[in-house]
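Chain by chain, the residues run as shown.
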Amino acid sequence: LALDALTGASLWTSPFAPGGTGFQAPPSLSPDGRILLAVSTTKKVYMIDAATGAQKKEVALAALSYATPAYSSTGDAFFLCTEDGTLTSFSSNSSSSALTELWSNTLCGVTGGTTQDL
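Predicted model, so just to flag it, every value in this text is computed and none were measured. (Residues numbered from 1 in each chain as written. Predicted model: local features only at pLDDT ≥ 70, side-chain atom pairs only at ≥ 80, totals over all residues. Heavy atoms only, no water.)

(A) Up close: the environment of lysine 57. Here lysine 57 shows up in strand 6 (residues 55–60). You can call lysine 57 buried: its relative accessible area is 9%. In the structure, lysine 57 is positioned 35 residues away from serine 92 in sequence and 9.2 Å away in space, judged by C-alpha atoms. (Helix = DSSP H or I, 4+ residues; strand = E, 2+ residues; numbered from the N terminus. Buried < 20%, exposed > 50% of the residue type's maximum accessible area, 1.4 Å probe, protein only.)

Rendered as structure tokens:
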């Protein structure tokens, strides 16, 4: 649900509703305020138009993420860490309907609920 900050009026509702796909973490707003990134409970990241709520792009993740995506300062890329310890950078300017992975790096190993440096 998106609300007008001044009036509280409903602007749009999201397909991420109870009984459907839920959020894993709070969404992230792009530096220019036009795009929301939402991490779902189904191991996907959705790029959503902040003004309309329309889904623009999506990407499937190899593992769940409980982290809020972080945008680069220019908004050209965002970063997301998944529960398997992988940090991945995605392009937020790809012209296709899918988000494009720029790079990925395993930062730490996760074993039995504890984190170990590699």
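(B) Just the sheet that holds strand 9 (residues 86–91), in detail. Within the open sheet, the four strands sit side by side as 7-8-9-10. Their pairing is antiparallel. Edge strands, defined here as strands with exactly one partner in the open sheet, are strand 7 (70–71) and strand 10 (100–106). (Pairing = 2+ DSSP bridges.)

(C) Main features of the sheet that holds strand 5 (residues 44–49). Spatial ordering of the open sheet is given by 3-4-5-6, a layout of four strands whose pairing is antiparallel. Sheet topology places strand 3 (28–29) and strand 6 at the edges, where each strand pairs with a single neighbour. When strand 4 (residues 35–39) meets strand 5, the two strands line up antiparallel, connected through five bridges. Each residue of the ladder has a partner; that of isoleucine 35, found in strand 5, is aspartate 49.

(D) Highlighting the nonpolar core. Ile35, Leu37, Val39, Val45, Met47, Val59, Leu61, Tyr71, Phe78, Leu80, Phe90 and Leu99 form the largest nonpolar core, which has 12 residues in total. Among the elements of the structure, strand 4, strand 5 and strand 8 (77–81) are those that each provide at least two residues to this core. When residues of this core are assigned to their parent elements, the largest contribution, three residues, is made by strand 4. If we skip the residues at most four places from it in the chain, methionine 47 touches Ile35, Leu36, Leu37, Ala54, Gln55, Lys56, Lys57, Ser92 and Leu99. In this structure, Trp12, Leu36, Ala38 and Tyr46 belong to the second largest nonpolar core, which totals seven residues. (Core = buried A, V, L, I, M, F, W, Y, C linked by side-chain atoms within 4.5 Å. Contact = heavy atoms within 4.5 Å.)

These values are about where atoms sit, not about what they do.
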